[in-house]
Each structure stands twice: as structure tokens, then as C-alpha cells.
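# Structure at a glance
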Amino acid sequence: MSAKFARLVESAEQLLLELPWPRTFEKDTFLTPDFTSLDVLTFAGSGIPAGINIPNYDDIRQTEGFKNVSLGNVLSVAYATQKDKLTFLAEEDKDLYIKWKGPSFEVQVGLHELLGHGSGKLFVQEEKGTCNFDREAVINPETGELIQSWYQGSETWDSKFSTIASSYEECRAECVGLYLCLNKDVLRIFELEGEDAEDVIYINWLNMVRAGLLGLEFYTPETSTWRQAHMQARFVILRVLLEAGEGLVSLQHTTGADGKPDALITLNRNKILPVGKPAIERFLRRLQVLKSTADVAGGRALYGRFSAVTDEGPERFLSLRDTVLLRKEARKMFVQANTHLEGEDVTLVQYEGTAAGLIRSFSERFPEDAELLERHLLELSDADTHFWASQG
Ligand SMILES: [Zn+2]
């Protein structure tokens, strides 16, 4: 897998030219990111990411560059999917999904981290007045006019776009993944050709549509707010694809075999190129132009419109949210390994993928708190939770 990512890094400069904005909106020189794939022994936190792109500060990424870390053994555990857990998909899509989820996830994560977060330029005017772009020549492709706004002095992407900055940026990176996964060179880098390549494109797009629907779990209707940047980003993409029309995507309210509300997602694979691609292209260009030009008002208006969750329209998203919550899969728990010293030798201690294994891994990691941990964590064994043993 790291060989594919290394090839993607090598082709990055070429692939950046394929993105739907003028060369003037791209960084003057692409700072080749440092790429590493790690198997993690333990990741401490409330969730374990599959990949990390650091730093998060766009102004630093812009001048100093960035680093990609993919957590290899987390990715491979994340691939494991059981058919009965694949809510909202048609039966015939489930087998294809299980077959291609891994490879499509690999393509999307690589593109998202490297060419998503790594692409695009911010227009900046330094305190002294010098600009990092030609004010007399750079044209905004959305308006056909010269650039009207930019970051001034110490203003940064995060300071300007504040509350929407992180979700908006995740959305831009996800769109880059959807857009560039259609590129034959990209697919070849990931050793995908012919029918396999077609299937990976289909599953990657289908997964995004489904993720947008599942994302509704992270929307709070009482306060009309989103609680998770990535989930909001995927919902926004789902909305963009629905708005593209022409039967590309449909979301139907259905009734499950248990008599309770259910939903069915359909994506027409023949419409991805003629309908989906231009829709993502237009949206991605708009996201980039508003970002580059520090156009907060424009950015908020656009992002806010697609993030809104209402019960209007044929989809009735608020009702779909109830269905998503009803059908929600239990949260995955990762059982992580420990090491201990035997003389000079480090030995790996692995645990079974069960509640008992999880508790044992924690109590052996923190022996001084073992008793307390045991009491708290035992409650987990009653909860409806799935356990995943991450093998080193
Ligand atoms: Zn990201």
C-alpha cells in the first residue's frame, strides 16, 4: 500500500493540473509531502483515525509543507465489513461493496490527504503590501474578473472561516477524492484497470452517498448544528449530488422487513461521468475559489445552504435522520495490543476481540488503575458494541 501512495506522491504535481481551477489558484511549487504508513500499537483518544495530515494550519502547509501518516493496521481493520451491517444499500450493491470497499477506501484516502488537503493556494497580501499573486492578471474563474478579496497580514484560513473552516476543508478534500478517482492515471497508480476500475469508482461514489446519509446521526436538530466536520462534509456532497438531478442519486423512504422505517440509496453508475462529474467539478471549483479569495460571506452562504437539514423536499432529511438513528450500527471498539519487557526483549501481547479482551488490554496497560478500570469497563460488555482486534 505504501508503494501506491509513494507513486501518488510522485505524480502529484501532474495530477494537480487536473483539478478544476486555473494554474494561478495552485501553489507556486508543490511541496512534496512526507509520506509514512505506520502500524500503530496504540492510539490514545476517543476515536482512531485511518490517516492523518498534519499540520492542520493551512498557512503553514502553504509555506512549509505537510506530512501524511496513514495508519496501516487501522485501515485494514476498517475494511472488515459484514453484509448485514450494510444498511440502506440494495442487495446487489452489498456484495460489490464488500468486494471493493478496501481498494476504493485506499484510493479515496490517498487522494483526500495528498491532493485534497495538499492542493490550492490562498491569496495573501503581506503587511508590507506585497501579494503572493498578480493582482493585475489573476482572474477569478467564477466571475471572469480580477481577484477582489484576499487574506491580509496575519489573517489565516482558520481565523477567517472560523466555525466552518474544518468541515469546509474536509468537504473540499473529499470532493478532490471523488473527482480524481475518475482519472485513469490515478486508477493505474492503484493498479486498477478495466471493469475493476469501474467498480472501484462506483463503490467510492456509492460509499460517499451512503456516508452522507449516515452523517445525519451527527446533526442535532434542536440546535440546528453539526457535531462532526467530516460527517457534515459528506452530507453536503450528498446534497450536491442530489441537486445534480437526472436520476444520478435517489434516496427512498421504505419499510424494512421488521415493519419499521428504512431507506434505500441508489446511485446510477452510468450517470457518474455525464452528471456526477460536472456537478462535483463545479462545486469543487466554487469551494476552492471562495477559499483562495478569503470570501467568507460567499463561503458561508454556499456551505450553509447545502448543510441545512429540513423536512422539506422529497428526501425529508429530518425523517431520514430518525431512520438513520433507528438503524444505526453499534460503535466499533478497537482492542489494542500491549508490549512488555522480558529482560532485553520486547514482547507483543495481543488480546481477543471481545469485551473481556478490551478490558484486559486496558487493565494491563494501566496496572495501577486496573481495579477501577475493570469496574467501569465491565459496563461495556452489556452494551451493544462490536469489538475489533487490531493485529500488529
Ligand atoms: Zn481530511
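An unreviewed UniProt entry lists the protein chain under the name dipeptidyl-peptidase III, with Chelydra serpentina given as the organism. Turning to the protein chain, the UniProt record has this under Cofactor (unreviewed entry): "Zn(2+)". Annotation of the protein chain in UniProt includes, under Subcellular location (unreviewed entry), the sentence "Cytoplasm".

### Structural notes on the coordination of the zinc ion
Binding of the zinc ion to the protein goes through His112 (NE2), His117 (NE2) and Glu170 (OE), at separations of 2.0 to 2.1 Å. On the accessibility criterion, histidine 117 (3% relative accessible area) is buried. Judged by relative accessible area, glutamate 170 falls into the buried class, the value being 13%.

### Side note on the domain arrangement of the protein chain
The assigned domain composition of the protein chain is domain 1 (2-326) and domain 2 (332-389). Its C-alpha centre places domain 1 at a distance of 34 Å from the equivalent point of domain 2.

### Focus: the layout of surface pockets
Considering only enclosed or pocket space, the second largest pocket measures out at about 350 Å³ in volume. Taken together, 17 residues make up the lining of the second largest pocket; nearest its centre are Asp59, Gln62, Thr63, Val124 and Asn132. Among the elements that make up the lining of the second largest pocket, the one with the highest residue count is helix α2 (residues 58-64) (3 residues). Partitioned by chemical class, the residues of the lining of the second largest pocket number 4 nonpolar, 7 polar and 6 charged.

### Digging into the nonpolar core
Judged by nonpolar contacts, the single largest core of 91 residues is most densely connected at Leu115, Cys171, Trp205, Leu213, Leu238, Phe283 and Phe317. Considering each element in turn, this core owes the most residues, 11 residues, to helix α5 (residues 157-180). Sequence-distant contacts of leucine 238, that is, excluding residues within four places in its chain, are made with Val209, Gly212, Leu213, Val249, Leu251 and Phe317. Membership of the second largest hydrophobic core comes to 6 residues, among which are Leu71, Val74, Val77 and Phe334.

### Section: the side chain of threonine 156
Along the chain, threonine 156 turns up in the loop between β5 (151-152) and α5. With relative accessibility at 16%, the residue threonine 156 sits in the buried group. Setting aside chain neighbours within four positions, we find threonine 156 in contact with Asp59 and Tyr151.

### Here we look at helix α11 (residues 317-326)
Inspection of α11 places Phe317, Ser319, Leu320, Arg321, Thr323 and Val324 among the buried residues, and these make up the whole buried set. On its buried side, α11 packs onto α7 (194-214), β6 (219-220), α8 (229-243), β8 (249-255) and β9 (261-267).

### A word on the sheet that holds strand β3 (residues 67-71)
The strands making up a sheet associate through backbone hydrogen bonding, with each pair oriented either parallel or antiparallel. With respect to topology, 3 strands assemble into an open sheet ordered β1-β3-β2, the strand pairing being mixed. The open sheet terminates on both sides in strands that have one partner only, identified here as β1 (34-38) and β2 (51-54). Strand-to-strand twist in this sheet, taken as the mean axis angle between neighbours without regard to direction, amounts to 15°. Bridging between β1 and β3 involves 5 bridges; their strand directions are parallel. Across the sheet, leucine 38 pairs through a bridge with leucine 71, a residue of β3.

Cut-offs applied
- Note that residues are indexed from 1 along each chain, following the sequence as it is written.
- Two thresholds apply to this predicted model, a pLDDT of at least 70 for residue-level local features and 80 or more for giving and counting side-chain atom pairs, whereas whole-chain, interface and lining totals are computed over all residues.
- Side-chain figures throughout are based on the complete set of non-hydrogen atoms in the structure, without hydrogens or water.
- UniProt positions are given in the numbering used here, feature names are shortened, and annotations may be inferred rather than shown by experiment.
- Donor atoms are limited to N, O and S found within 2.8 Å of the metal ion, a distance that becomes 3.2 Å for Na, K and Ca. With water left out, some sites might look partial.
- Type-normalised accessible area, obtained with a 1.4 Å probe on protein chains alone, sets the label of each residue: buried when under 20%, exposed when over 50%, and partly exposed for intermediate values.
- Each domain span listed reflects an automatic or database assignment of domains.
- The pocket and cavity definitions rest on a 1 Å grid over protein atoms only: a 1.4 Å probe that fits but cannot leave marks a cavity, an open set with protein on both sides within 12 Å along at least five of seven lines marks a pocket, and residues lining either have an atom within 4 Å of a point.
- Grid points are joined across faces, edges and corners, and a volume is the space filled by probe spheres set on the points.
- The helix and strand labels rest on DSSP assignments: H or I over at least four residues marks a helix, E over at least two residues marks a strand, and numbering proceeds from the N terminus.
- Polar here means any residue other than Ala, Val, Leu, Ile, Met, Phe, Trp, Tyr, Cys and Pro, which are nonpolar, and Asp, Glu, Lys and Arg, which are charged; Gly is therefore polar.
- Among the buried residues, those of types Ala, Val, Leu, Ile, Met, Phe, Trp, Tyr and Cys that are joined through side-chain atoms within 4.5 Å form a nonpolar core.
- Should any heavy atoms of two residues lie within 4.5 Å, those residues are counted as being in contact.
- Strand pairing is defined by DSSP finding a minimum of two bridges between the two strands.
- Throughout, an axis means a line fitted to C-alpha atoms (over the contacting stretch in the case of helices), and angles, computed between N-to-C directions, take values from 0 to 180 degrees.

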